[in-house]
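# Geometric and topological summary
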Amino acid sequence: MNGAHINGLSDSAIGEKVAILDAGAQYGKVIDRRVRELCVESDLLPLHTPVVDLLKNGYKALIVSGGPKSVFAADAEKHDPDIFNCGLPVLGICYGLQLINKVFGGTVVKNDVREDGQFTVRVDTKSPLFKGLQAEQNVLLTHGDSIMTVASGFETVATSGNIVAAISNEKKKIYGVQFHPEVDLSENGRAMLRNFLFDVAGCKGDYTISCRQQSCIDEIRSVVRQHKVLMLVSGGVDSTVCAALLHKALSDNQVIAVHIDNGFMRKSESAEVETSLKKLGLKLKVINACHQFYNGTTAVPTDRSDPCAPKRITKMLNMTTNPEDKRKIIGDTFMKVSETLRAFLGKSGIFGDFEDVFS
């Protein structure tokens, strides 16, 4: 259920979830991964996501990511100010910290010198965020702006020299850190995230592998019902996992798994793909389309910088040296072979002898 930044808000309801509001972070996906490693489901969403959507989707807490811009810049990322007054626990990271401080009336200024790299900060071990940790922590700092005046109602709970490195408002359950707890250079960053998720936000950590698998199986069955699924398997991790889930969710006659051998596989790789899936109990049909790719052509613009330029037909792949033309021929030929296969299945409705189609 990941990738909500691209696909919209997730509407899965298998348990507790945390929303990561992305301010253009370099480490946005790393935050997402760290939260999931702690067995809490997360969705990566735009910073401007309305509070009404966050509440409707039942998030337990919010994490506001870092970002490349200044909170006082004219083109600063837009946000719904109610995210800090909706009652959900909030953790702001880097830009997120500065945004929290600005929204609540504190001041943020541009420093003469940036902090970039691993630094030792002093933390208040009485703060729930730093529970069980030593007073000195090595963390990654990457910022040019800093807090000058801490917002009313907040207190400083970590410092880097004379620079504010973390603030908190325990009553509102709002915390902000100037450093990046999600990266390995913040040596106890995972413990800090765990403290926020479990002790502050009250998450249980029940988002396990088996839980995710069952959720995928249930969704497949709900969408597919009694229909058949044509699964094109490359042999990579993504398609293999998808094929295995389809096999677990559906009956054998519902899953048509096909591997298209384009002639550019490693030696014996197609046979190895077939063998590995057979061990999972999945019958895979290997299509030898080497000649279709070898002799393939396609249309490409005469001027690549002008999408409206007239098109030309490429040479056959076996005579083509231009790498961009090669990629286009291979991609388009794959789609042609796939469409031919889909059309054949649409007419016959059976697994059949596919080789006859491509001979």
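This text follows the structure it describes.
To keep things clear, this report deals only with the structure shown in the data block. (Residues numbered from 1 in each chain as written. Predicted model: local features only at pLDDT ≥ 70, side-chain atom pairs only at ≥ 80, totals over all residues. Heavy atoms only, no water.)

Before going further, it helps to examine the environment of Gln-137. Summarising the element assignment, Gln-137 is placed in strand E6 (residues 136-149). For the pair Gln-137 and Val-121, spaced 16 residues apart in sequence, the C-alpha to C-alpha distance is 5.4 Å. Aside from chain neighbours lying at most four places away, what touches Gln-137 is Phe-119, Thr-120, Val-121, Val-123, Asn-188 and Met-192. (Helix = DSSP H or I, 4+ residues; strand = E, 2+ residues; numbered from the N terminus. Contact = heavy atoms within 4.5 Å.)

Buried within helix H8 (residues 269-279) are the following residues: Glu-269, Ser-270, Val-273 and Leu-277. Summarising the axial view, the buried residues of H8 lie within an arc of 105 degrees, below the 170-degree limit, and thus occupy one face. Those residues of H8 that are exposed and aimed more than 90 degrees away from the buried face are Glu-272, Lys-278 and Lys-279. The first or second residue beyond H8 is Gly-281, which carries a positive phi of 90 degrees. (Buried < 20%, exposed > 50% of the residue type's maximum accessible area, 1.4 Å probe, protein only. Arc of directions from axis to C-beta.)

The final tally for this structure, using the stated rule, is two aromatic pairs. A centroid spacing of 5.1 Å and a plane angle of 55 degrees characterise the contact between Phe-104 and Phe-154, whose relative ring orientation is tilted. Note that Phe-104 is positioned in the loop between helix H4 (95-103) and strand E5 (107-123) and Phe-154 in the loop between E6 and strand E7 (155-160), a separation of 50 residues in sequence. For Phe-104, a relative accessible area of 18% gives the class buried. (Phe/Tyr/Trp six-rings, centres within 6.5 Å; stacked < 30°, edge-to-face > 60°.)

The pairing of strand E11 (residues 255-261) with strand E12 (residues 284-288) spans five bridges and is parallel. When the sheet's bridge partners are listed, His-259 is paired in E12 with Val-286. For the crossover that starts at E11, traverses H8 and ends in the parallel E12, the hand is right-handed. (Pairing = 2+ DSSP bridges. Right-handed = clockwise from strand over helix to strand, strands pointing away.)

Our next topic: the sheet that holds E7. Reading across the sheet, the nine strands line up as E2-E1-E3-E4-E9-E8-E7-E5-E6 and stay open at both edges, with mixed pairing between neighbours. Sheet topology places strand E2 (41-46) and E6 at the edges, where each strand pairs with a single neighbour. Neighbour-to-neighbour, the strand axes of the sheet open up by a mean angle of 25 degrees, direction not taken into account. The pairing of strand E1 (residues 17-22) with strand E3 (residues 59-64) spans five bridges and is parallel. Following the sheet pairing, Ala-19 is matched in E3 by Leu-62. (Axes fitted to C-alpha atoms, helices over the stretch in contact; angles between N-to-C directions.)

Of the two faces of strand E9 (residues 174-177), the one lined by Ile-174 and Gly-176 and the one lined by Tyr-175 and Val-177 are each fully buried. Strand direction decides the pairing type here: strand E4 (residues 90-93) and E9, joined by four bridges, are parallel. Residue pairing in the sheet places Gly-92 in a bridge with Gly-176 of E9. Hairpin remark: strand E8 (residues 163-169) followed by E9, antiparallel, with four residues in the connecting loop; positive phi at Lys-173, about 60 degrees.

Considering only enclosed or pocket space, the second largest pocket measures out at about 330 Å³ in volume. Together, 22 residues line the second largest pocket, and Gly-67, Pro-68, Cys-94, Thr-142 and His-143 are the ones closest to its centre. Taken together, the elements giving at least two residues each to the lining of the second largest pocket come down to H4, E5 and E6. The biggest single contributor to the lining of the second largest pocket is E6, with four residues. Residues belonging to the lining of the second largest pocket are distributed by class as follows: six nonpolar, 11 polar and five charged. (1 Å grid on protein atoms, 1.4 Å probe; cavity = no way out; pocket = protein on both sides within 12 Å on 5 of 7 lines; lining within 4 Å. Points joined across faces, edges and corners; volume = space filled by probe spheres on them. Nonpolar A, V, L, I, M, F, W, Y, C, P; charged D, E, K, R; others polar.)

Glancing now at the pattern of salt bridges. Here the structure, examined in full by the defined rule, presents 19 salt bridges. Linking Lys-56 and Asp-53 is a salt bridge whose minimum nitrogen-to-oxygen distance equals 3.9 Å. Of this pair, Lys-56 and Asp-53 both sit in helix H3 (residues 51-56), three residues apart, which is roughly one turn of that helix. Since its relative accessible area comes to 65%, Lys-56 is described here as exposed. Across the pair Arg-114 and Asp-116 runs a salt bridge whose closest N-O atoms are separated by 2.6 Å. According to the relative accessible area criterion, Asp-116 is partly exposed, its value standing at 42%. Salt bridges sharing common partners tie together Arg-33, Arg-34, Glu-37, Asp-184 and Arg-190. (Salt bridge = Lys/Arg side-chain N within 4 Å of Asp/Glu carboxyl O.)

Taken in spatial order, the three strands make up an open sheet running E10-E11-E12, and their pairing is parallel. Sheet topology places strand E10 (229-232) and E12 at the edges, where each strand pairs with a single neighbour. If you compare each strand with its neighbour and ignore which way they point, the axes differ by 30 degrees on average. Relative to E11, E10 runs parallel, the two being bridged by four bridges. Considered in E11, the bridge of Leu-232 is made with Val-258.

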